[in-house]
Amino acid sequence: MSTAFHIGNELSLEDLKAPLEQFAQKYSLSKREQDVLNLLVQQVVSAEDISYKLGISRNTVRIHLKNINTKVGTNSKSELLGRFIEFVIQNKKSEDTITMQHLTILIADDDQSYVDLVRKASESVIGANVTFQHAVDGQNMMEYLNRVKRNDASTPRPHLILLDLNMPKINGFQALEKIKTDPMLSEIPVVVFSSSSTQSDISSIYALGGNSYVTKPGGYQELKKVIHGIVFYWGQIGALPANK
């Protein structure tokens, strides 16, 4: 299952220029490998389309993709894109200004105190441009999303979902699979925001269609930085689908 998102406008492409160069430098990507990654980020994902855009053979594209995955330590295009998003989120400076639409974020986490901390961190670095809706577990989240599907006026469609993995009733993996296999919900970006950091969990997240994975920070200042990066990417650069 692939991670689907797109760049919305020319400003977003300009915003991506520096992170792409920094990511390429960190992993020693060649200029051509950087060109391939740049197209992937713009949702040009098939070898045929990349081949056409760059004027190289499809086999050469596949070789470049294999080399990029080897250097970055990823196993698929979805995981590679997710790793790039993680890089942007982690390296966004909290003092940088964000110009964006108002966002509704659905956060699914059974730890109320941590949810309150996320809200506080968001208010501190973003202000009033983000509204959080809270689901106490995976089942509660799916009930919320089912109301969204019914166009319940009291239930705003989220622009983004922050999803914990370790929840009762329906865990994060099960919830992610339900979202990404539902044609009415699959376009909503899902950022897995969890304390788990095992490689098997991360690979499973991307295989199920997760858009990015972020480890929960331990301290409040780091949490503010991460929330700022998440909102910057998905609110200004990334692919927030229009609310339906």
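Each residue is numbered by its place in its chain's sequence as written, counting from 1. Confidence filtering applies because this is a predicted model: local features only for residues at pLDDT of at least 70, side-chain atom pairs given and counted only at 80 or more, and all residues used for totals across whole chains, interfaces and linings. The basis for every side-chain value is the complete set of heavy atoms in the structure, and neither hydrogens nor water enter the calculation.

**Q** Which residues make up the pattern of salt bridges, and what values go with them?
**A** Each reported salt bridge corresponds to a side-chain nitrogen of Lys or Arg within 4 Å of a carboxyl oxygen of Asp or Glu. Within the structure shown, the criterion is met by eight salt bridges. Salt-bridge contacts for K31 lead to D35; the nearest nitrogen and oxygen are separated by 2.9 Å. One end of the pair is K31 and the other is D35, both in helix α2 (residues 31-41) and four residues apart, which spans about a single turn. Throughout, exposure labels follow a simple rule: accessible area from a 1.4 Å probe, protein chains only, divided by the maximum for the residue type, with under 20% read as buried, over 50% as exposed, and the rest as partly exposed. Judged by its relative accessible area of 58%, K31 falls in the exposed class. Working definition: helices are DSSP H or I runs of at least four residues, strands are E runs of at least two. Numbering for both runs from the N terminus.

**Q** So, the packing of α2 against helix α5 (residues 77-91): which residues are in play, and what are the values?
**A** At their nearest, the axes of α2 and α5 sit 11 Å apart, and the two run at 90° to each other. Classed by the angle they form, the pair α2 and α5 counts as roughly perpendicular. Note on element contacts: α5 touches α2 through K77, L80, L81 and F84, opposite L37, L40 and V41. Here the term charged refers only to Asp, Glu, Lys and Arg, the term nonpolar to Ala, Val, Leu, Ile, Met, Phe, Trp, Tyr, Cys and Pro, and the term polar to all other amino acids, Gly among them. Broken down by class, the residue content of the contact of α2 with α5 amounts to six nonpolar, no polar and one charged. Axes here mean lines fitted to C-alpha atoms, for a helix over just the part in contact, with angles spanning 0 to 180 degrees between N-to-C directions. We call two directions roughly parallel when the angle between them is under 35 degrees, roughly antiparallel when it is over 145, roughly perpendicular when it lies between 65 and 115, and oblique otherwise. Working rule for contacts: check all heavy atoms of both residues, and any pair within 4.5 Å makes them a contact.

**Q** Which residues make up the side chain of E79, and what values do they have?
**A** As for its position among the elements, E79 is in helix α5. None of His or the chain ends enter the tally, which takes Lys and Arg as positive and Asp and Glu as negative. R83 provides the closest opposite charge to the buried, salt-bridge-free E79, at an N-O distance of 4.1 Å. Setting aside chain neighbours within four positions, we find E79 in contact with G73, T74, Q199, S203 and Y206.

**Q** Outline the packing of aromatic side chains, supporting the account with residue identities and numerical values.
**A** Stacked, edge-to-face and tilted are the three classes for Phe, Tyr and Trp ring pairs, Trp counted by its six-membered ring, which pair at centre distances within 6.5 Å; planes under 30 degrees apart are stacked, over 60 edge-to-face, the rest tilted. Taken as a whole, this structure holds four aromatic pairs when the rule is applied. Plain terms: the ring middles of Y114 and F193 are 6.3 Å apart, the flat faces sit at 50° to each other, and that makes the pair tilted. Residue Y114 is found in helix α6 (residues 112-125), and its partner F193 is found in strand β4 (residues 190-194); the two are separated by 79 residues along the sequence. The same class applies to Y114 and to F193, which are both buried. Ring pairs connect the aromatic residues F23, Y27, F84 and F87, which therefore count as one cluster. The ring of Y114 is capped by K216, whose NZ or CZ atom sits 4.6 Å from the centre of that ring. Consider the ring centre and the ring normal. A charge sits over the ring if Lys NZ or Arg CZ is within 6 Å of that centre and within 35 degrees of that normal.

That is the geometry; function is a separate question.
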